[in-house]
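Tertiary structure, described
Residues per chain, in single letters:
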Amino acid sequence: MDDDRSGDSTRRQFIATGLGAAATGALAGCSSSGGNEPSETTTREPTDAGPTTDATDGPQTPTDGERYTVSMQPMGEVAFESVPERWLAYFSTYGDMGIALGQLDGLQGLVFTENWPLAFYDYLPGVDVSFDGVTQLMGENGLDKETFYELGCDVHLFDPNFLGRLADGMDVADFEEVDANVGPVVGNSIRRRGGDWHDYRYYSLYEAFEKVAAVFQERERYEALKAVHDDLLATIRADLPPADERPTVGLLSVNSDFENGAFYAYPVHDGNGHKQYRDLGMRGAFDDHIDGSYAEWDYETILEIDPDALVFQYGFSHVSTEEFERRMDAMREDPVGQQLSAVENDRLYRGGTSYQGPIVNLFQTEAAAKQFYPEAFGAWDGLDTLADADARLFDYQRVADAVNGAL
């Protein structure tokens, strides 16, 4: 493997963005516990509707058996002498992309192997996703540069600026060393928009997925999965209730302190983390009450707004079905919590991870559609709902065929 050392002014842009000076420490929902939330502000930007132009984000030109390039900010244009075989990724955004493109066998490491919504993959016929033997890079002391050398990956799928903010143990010089001596770094943090540290282009989910497909030269798999995604959105848009008939939905973290009534509450963000909610025209109950990316509220504050339904982010990834119900019981038993309309009407739902690749996004979109609009899309009755082939909103077999290369 090789990467291009010349020709693109953004190739080393990540140095100029202040990685070495950026604050470190666990960012919320990113750690295995998913405990705290970052204090980043949010701005309204374009959603997943289509590509944006950028003069520095040039074309990618993969060809069979020849040197090819993929351009993605902040790293700019990266050249490959051959298709990567060994790879690692940050988490369940780019990790899920690699799995969707049939690359699971080459997965050597993940910054986090925990807190994935792995149950979704179980519903895809012939797809078996396990991280047995996959190295988790994040340890008690942060990241260890030597692990990157030991794994010897041909490509590293993460945004070096984001990872540098998240983890102790590595700085800008370390990431540049890995990029130069081990294998190229390709990736862009697409979860949430508006952070002051991210002063380069953002990508939608499928723009980023298209870049990763170019890295692995898997255009056909990408197009097959994009077709499923587009069909799902067409199905939803055809039956979406009028805006004034949609319930208000409050978005809370499942990692909140239910016993003591201390909750992380969110507006519906731009960026990939809440893509499914925007695609569903969700009426975010907290959108007009939070100035920034999240707030910390008690039961009384939630009751003042009193959403029709409550969705608990990271409910599919950070807790089991049994643990989720235990936390809901704590809300039902609280003297203020039990007064919430969502509690009285049994509209408390497991929500998605904000780190979603294409497969995870399909399932999280289907689940939310049934949770919000059961009259239009069928009722949600937990993960067992996914086993009912007649009630599915997208073609699970087409997804499985794309993953398995049966195109």
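In this text, all values refer to a predicted model and were calculated from it rather than measured experimentally.

Helices and strands together make up the secondary structure of the protein, namely 14 helices and 13 strands. When contacts within the protein are restricted to residue pairs at least 6 apart in sequence, those whose partners lie at least 24 apart make up 74%. As presented, the protein carries roughly 15800 Å² of accessible surface, and 42% of it is formed by carbon and sulfur atoms.

It is worth spelling out the packing of aromatic side chains at this point. Each aromatic ring pair is described using two quantities: the centre-to-centre distance and the angle formed by the ring planes. Applying the stated criterion across every chain yields a total of 31 aromatic pairs. With 5.4 Å between their ring centres and 20° between their planes, tyrosine 68 and phenylalanine 80 make a pair best called stacked. In this pair, tyrosine 68 sits in strand β1 (residues 68-72) while phenylalanine 80 sits in strand β2 (residues 76-80), placing the two residues 12 residues apart along the sequence. For tyrosine 68, a relative accessible area of 1% gives the class buried.

What follows deals with the nonpolar core. Ranked by internal contacts, the top residues of the largest apolar core, which has 126 residues, are Tyr90, Phe312 and Met331. The biggest single contributor to this core is helix α6 (residues 205-216), with nine residues. What methionine 331 contacts, discounting residues up to four positions off in sequence, is Leu252, Phe258, Phe263, Tyr299, Leu310, Phe312, Gly337, Gln338, Leu340, Val343 and Leu348.

Quick look at the side chain of serine 256 now. Within the secondary structure, serine 256 is located in the loop between β8 (248-253) and β9 (263-266). At 2.7 Å, the side chain of serine 256 and the backbone oxygen of serine 253 are in polar contact. Polar side-chain contacts of serine 256 include one of 3.1 Å to the backbone nitrogen of tyrosine 264. Aside from chain neighbours lying at most four places away, what touches serine 256 is Ala262, Phe263 and Tyr264.

Definitions and cut-offs
- Residues numbered from 1 in each chain as written.
- Predicted model: local features only at pLDDT ≥ 70, side-chain atom pairs only at ≥ 80, totals over all residues.
- Heavy atoms only, no water.
- Helix = DSSP H or I, 4+ residues; strand = E, 2+ residues; numbered from the N terminus.
- Contact = heavy atoms within 4.5 Å.
- Areas by Shrake-Rupley, 256 points an atom, 1.4 Å probe, with all protein chains shown as cover.
- Phe/Tyr/Trp six-rings, centres within 6.5 Å; stacked < 30°, edge-to-face > 60°.
- Buried < 20%, exposed > 50% of the residue type's maximum accessible area, 1.4 Å probe, protein only.
- Core = buried A, V, L, I, M, F, W, Y, C linked by side-chain atoms within 4.5 Å.
- Polar contact = N/O pair within 3.5 Å; in protein donor to acceptor, adjacent residues only side chain to side chain.

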